[in-house]
Amino acid sequence: MHLEYLSHFIRTQQYTTPLNWDEIFQRQAKLAVEIGFGNGEFLVFLAKQKPEYNFVGFETSITSLVKIQKKIQAESLTNIKVALADGRFALREFFKDNSVDEVYTNFPCPWPKKSHQEKRFTNQGFAETLSAVLSFEGTFQLVTDVNWYAEQMKDVLLRTKCFDLVQFTENDKIVVGTRYEKKWLSEGRKTYTVLVKKINHMSVNRWTWEEGWMPHIHLNEVDEQRLLQLSGKVFRDQRGVFVVKYVYTRESEYLLRIVSNEEGFQQRYFISVEREKDGWLVKLDPDAPAYRTPVVKFSVRKIAEVIGS
Ligand SMILES: C[S@@+](CC[C@H](N)C(=O)[O-])C[C@H]1O[C@@H](n2cnc3c(N)ncnc32)[C@H](O)[C@@H]1O
């Protein structure tokens, strides 16, 4: 589905990181972020309630982006932008230190299986990201129906020594008004609110902030036989892994479909290998853009190394 026609949608891969939010909103204002806004009830409610704030919502579901758009348009709101992105990655990469005033997440999937735990928000990396990007006294609020998840979130945040616990409550009434909250309360479940305030700062390493990297490598010769045999090959370095899913051919051009994974952050993109007047060009294909993370850079370099002859 093409999302570009949606006026509040931002295609974050097209920006250099961190994003200039004042420019994107065309005004300077406090920033609030919701991760996993679902149908968008809470984000739209907040944006109406606090017109002086700029709101950014991250979702991994395209359906959610389409649904919230209708609500934003119905309310004629100009202080919301939404993006299709993993909120944990986005919070770390798209925002400068001390620049976000409020972060919210409501009813995230708890990923109860141990094998899925890297998908949870209750990990140290996310707590450190919050302690970097939140402004001093900025807040993070989690609402969940899962008691152990709330406890885990509280513990991981407090362990950083960067937060004061403002609230840890059990609720039997509406707090955020979202679809999942209504669903769980109607089934007689309780919900839990964890609210913390930043009191200390921590710096975190950003994967995409390094400048001066051009995703282009020139080769004089290419071993086309070897290139065609790359399908299914897996390459690793210390930061992560990428797989060449398929190699497509078209006249004097090859397109490699890649899936990369670094610490659970998955990207799907293409690397193209094109014949030029004086050789070949290996580059990230702009039609399915990827964030320039260490593994993405490694993948371009590695493919060029393997096929160069
Ligand atoms: C259980 S639903 C809750 C939706 C909404 N907050 C509510 O309370 O009704 C979880 C939502 O988080 C989104 N999601 C899951 N992982 C995410 C991530 N890493 N970044 C952003 N959104 C995510 C899912 O697509 C889904 O819409």
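First, a word on scope: everything that follows refers to the structure included in this document. This one's a predicted model, so the numbers in the text were calculated from it and none came from an experiment.

**Focus: the environment of Glu41**
Positionally, Glu41 belongs in helix α2 (residues 41-49). Judged by relative accessible area, which is 21%, Glu41 ranks as partly exposed. Sequence separation between Glu41 and Lys71 is 30 residues; the distance between their C-alpha atoms is 8.1 Å. Residues within four places of Glu41 in sequence aside, it is in contact with Lys71, Gly177, Thr178 and Arg179.

**Some remarks on the pattern of salt bridges**
By the definition in use, this model includes 16 salt bridges. Among the salt bridges present, the one from Arg189 reaches Asp145, with a minimum N-O distance of 2.8 Å. Pair noted here: Arg189 is in the loop between α7 (179-186) and β7 (191-198) and Asp145 is in the loop between β5 (134-144) and α6 (147-159), with a separation of 44 residues, a long-range link. Taking relative accessible area as the criterion, Arg189 reaches 34% and is therefore assigned partly exposed. Take Asp145: its relative accessible area is 13%, and that puts it in the buried class.

**Re unusual backbone geometry**
Between Thr17 and the following residue, Pro18, the backbone shows a cis peptide bond with an omega angle of -5°. Phi is positive for Gln26, close to 55°, though the residue is something other than glycine. Within the secondary structure, Gln26 sits in the loop between α1 (21-25) and β1 (30-35). What makes Gln26 exposed here is its relative accessible area of 73%. For Trp111, which is not a glycine, the phi torsion comes out positive at approximately 45°. With respect to the helices and strands, the residue Trp111 is situated in the loop between β4 (100-106) and α5 (124-133).

**Focus: the site of the ligand**
In the vicinity of the ligand there are 18 residues, among which Gly36, Glu59, Gly87, Asn106 and Thr178 approach most closely. Between the ligand and Glu59 there is a distance of 2.7 Å, counted from an oxygen atom to a side-chain nitrogen or oxygen. Backbone polar atom of Gly87 to a nitrogen atom of the ligand: 2.8 Å apart, as the coordinates give it. Protein contact buries 84% of the 590 Å² of open area that the ligand shows by itself. Listed by contribution, the elements that provide at least two residues to the shell around the ligand are β2 (53-59) and α7.

Criteria and cut-off values
- Residues numbered from 1 in each chain as written.
- Predicted model: local features only at pLDDT ≥ 70, side-chain atom pairs only at ≥ 80, totals over all residues.
- Heavy atoms only, no water.
- Helix = DSSP H or I, 4+ residues; strand = E, 2+ residues; numbered from the N terminus.
- Buried < 20%, exposed > 50% of the residue type's maximum accessible area, 1.4 Å probe, protein only.
- Contact = heavy atoms within 4.5 Å.
- Salt bridge = Lys/Arg side-chain N within 4 Å of Asp/Glu carboxyl O.
- Near = heavy atom within 4 Å.
- Polar contact = N/O pair within 3.5 Å; in protein donor to acceptor, adjacent residues only side chain to side chain.
- Areas by Shrake-Rupley, 256 points an atom, 1.4 Å probe, with all protein chains shown as cover.

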